[in-house]
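Reading the structure
Next come the chains, spelled out residue by residue.
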Amino acid sequence: MSETLADSGQIDSSKRTWLIATSCAGAVGTAAVAVPFVSNFQPSEKAKAAGAAVEADISALQPGDKMTVEWRGKPVWIVRRTPEQLADLKTLDSQLADPKSARNPAELTPVYARNEARSIKPEIFVTVGICTHLGCSPSDKFQTGAQPSLPDDWKGGFFCPCHGSTFDMAGRVYKNKPAPDNLEVPPHMYLSDAKILIGEDKKA
């Protein structure tokens, strides 16, 4: 009887060990499968960086100059306009398709930029440098006066060579051009007189 019980105990012990080992192996296998599955939902560092706000130092930007920074993979232009360029903005409403930035304001023009200069500070213009027609990048045409592909009374602005759309120094599109909308003004705010944060504003 004692031998039988001993044998039975050894069998139960062996069975228990086998069950534990099998369960552990199964758990490890499940964990091994689950880890790469879960990791697919973790955003990559590149994806995080693509949506991150970008700080720009404008301390060296002189009147009439432009600098470019990248935000979400797009070029963002920062222009320090001259007093003359600002004065000219007031004379162009009749030539523009959307002088008050009324079209798609939620997408293209934050509340604080829904003014004639389309900016927080009149002299500093911040815009995404992509044409609203087919996504080309317009060229700077800050010089005034007659030039190839531009009118004789050109007041300065941007020209898209792809299909001829023209924008003034506030990124407002001229009438009868392929581009349907003004250039986008991205969310931005001033961290100081010399630094702008692009991609975030006080509302955010």
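Just above, that's the structure.
Residues numbered from 1 in each chain as written. Predicted model: local features only at pLDDT ≥ 70, side-chain atom pairs only at ≥ 80, totals over all residues. Heavy atoms only, no water.

1. Remarks on the state of the cysteines
To be explicit about the condition: A pair of cysteine sulfur atoms is labelled a disulfide when the two atoms are within 2.5 Å. In DSSP terms, a helix is any run of H or I states spanning at least four residues, a strand is any run of E spanning at least two, and both are numbered starting from the N terminus. Accessibility here uses a 1.4 Å probe with only protein chains present; expressed as a share of the type maximum, an area under 20% marks a residue as buried, one over 50% as exposed, and anything in between as partly exposed.
Throughout the structure, instances matching the rule amount to one disulfide. Here Cys-136 engages in a disulfide with Cys-162; their sulfurs sit 2.3 Å apart. The disulfide joining Cys-136 to Cys-162 has a torsion of about -120° about its S-S bond and is therefore left-handed. Of this pair, Cys-136 sits in the loop between strand S4 (124-128) and strand S5 (139-141) while Cys-162 is found in the loop between strand S6 (157-159) and strand S7 (166-168), placing the two residues 26 residues apart along the sequence. A relative accessible area of 39% means that Cys-162 is categorised as partly exposed. Cys-131 takes part in no disulfide bond, and the closest cysteine sulfur to it belongs to Cys-160, at a distance of 3.9 Å.

2. A short note on the pattern of salt bridges
Selection rule: Whenever a carboxyl oxygen of Asp or Glu lies within 4 Å of a side-chain nitrogen of Lys or Arg, that contact is scored as a salt bridge.
The full count for this structure, using the stated rule, is seven salt bridges. For Lys-66, the salt bridge goes to Asp-140, with nearest N and O atoms at 2.8 Å. Taken together, the residues span a long stretch of sequence, with Lys-66 in strand S2 (residues 66-71) and Asp-140 in strand S5 at a distance of 74 residues. Overall, the relative accessible area of 33% leaves Asp-140 in the partly exposed class. One salt bridge connects Asp-93 with Lys-100, and the closest N-O pair in it is separated by 3.3 Å. Residue classification places Asp-93 among the partly exposed residues on the basis of a relative accessible area of 25%. A single salt-bridge network, built from bridges that share partners, covers Asp-93, Lys-100, Asp-168 and Arg-172.

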